[in-house]
Amino acid sequence: MKKILEISNLKKNYHTNNEEVCALNDISFDIYEGEFVSIVGPSGCGKSTILSILNNIIDKSEGSISILNGYKLAYMLQDDCLLPFKTVMENCLIGLRVNNNLTEESKEYVIELLRKYGLYDFMNKYPSNLSGGMRQRCALIRTLALKPDILLLDEAMSSLDYQTRLNIGEDIFKIIKNEGKTAIMVTHDIGEAISMSDRVIVLTERPSTVRSIYNIKLKSKSSPINNRKDPLFAKYFDLIWRDLNG
Ligand code: ADP
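Residues numbered from 1 in each chain as written. Predicted model: local features only at pLDDT ≥ 70, side-chain atom pairs only at ≥ 80, totals over all residues. Heavy atoms only, no water.

Some thoughts on the side chain of N91
Part 1: Its location among the elements puts N91 in helix α2 (residues 88-98).
Part 2: A polar contact of 2.7 Å, which involves the side chain of N91, links it to the backbone nitrogen of L83. (Helix = DSSP H or I, 4+ residues; strand = E, 2+ residues; numbered from the N terminus. Polar contact = N/O pair within 3.5 Å; in protein donor to acceptor, adjacent residues only side chain to side chain.)

This is the structure:
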């Protein structure tokens, strides 16, 4: 497999008025093309900080990040952040507009994605007309419109109730796989991480380091929900639970 991202000895200190907080102490891992990798860890250990550094929202303090030449990252936030006064189509075009990348071709690509993923008939509707699942798909299409190679998902489904979350996780996973993207997902939900991922990276408490990395070998490559029924699922759950609580 082709290595497309390498994070080495990443460190992040936050400076506030009267103190310095060391969020990341020493984080190293690699990402390979086509992988779905989840990062789990205790609340406040720096999971989101890693994604913000990768996405250039904040600076690292030390360490290095190398991304294979020409590979693009895109971020999908916790909330779907759809603008209520813009149509589905307009919402999906926002990233392209902001990046000065809106062309007939890129618009055609968005229409193709809307068609493929069941939102074509809703393109002139507003977000309030969409179900929770459709809103998440719309947010994902807005991100895919930028043609990223690596998607950064930050607790993308955390605001949803459990059942919706399972169904939407299934949806999002299938779209990401179908589009051949690499994904790095931050989540506090161990089950979500195991059922969707090829690898799970477990972080320690802050100041965090990598505690363990699990290669997840569950039967289904296409359905996170089915993976939850795999006997190995409980085994991985137990190991990661122990890492987080031990
Ligand atoms: P997680 O995503 O694992 O919950 P975060 O990456 O959001 O953790 O935060 C890691 C730590 O860094 C937390 O203790 C948080 O309080 C601190 N932190 C995050 N952002 C800032 C900031 N802008 N200024 C100071 N401290 C911050």
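Notes on the site of the ligand
Part 1: Around the ligand lies a shell formed by Y14, T16, A23, P42, S43, G44, C45, G46, K47, S48, T49 and R206.
Part 2: Between the ligand and the protein, one listed contact pairs an oxygen atom with a side-chain N or O atom of T49 at 2.5 Å.
Part 3: Within the side chain of R206, one N or O atom sits 3.0 Å away from an oxygen atom of the ligand.
Part 4: The fraction of the free accessible surface of the ligand (570 Å²) that becomes covered by protein chains is 62%.
Part 5: With three residues, helix α1 (residues 47-54) is the single largest residue contributor to the shell around the ligand.
Part 6: In the shell around the ligand, the residues fall into four nonpolar, six polar and two charged. (Near = heavy atom within 4 Å. Areas by Shrake-Rupley, 256 points an atom, 1.4 Å probe, with all protein chains shown as cover. Nonpolar A, V, L, I, M, F, W, Y, C, P; charged D, E, K, R; others polar.)

A closer look at the pattern of salt bridges
Part 1: Enumeration over the complete set of coordinates arrives at 13 salt bridges.
Part 2: Across the pair R137 and D171 runs a salt bridge whose closest N-O atoms are separated by 2.9 Å. Of the two residues, R137 sits in helix α4 (residues 132-144) while D171 sits in helix α5 (residues 162-178), which places them 34 residues apart along the sequence.
Part 3: When its relative accessible area of 17% is taken as the criterion, R137 is described as buried. (Salt bridge = Lys/Arg side-chain N within 4 Å of Asp/Glu carboxyl O. Buried < 20%, exposed > 50% of the residue type's maximum accessible area, 1.4 Å probe, protein only.)

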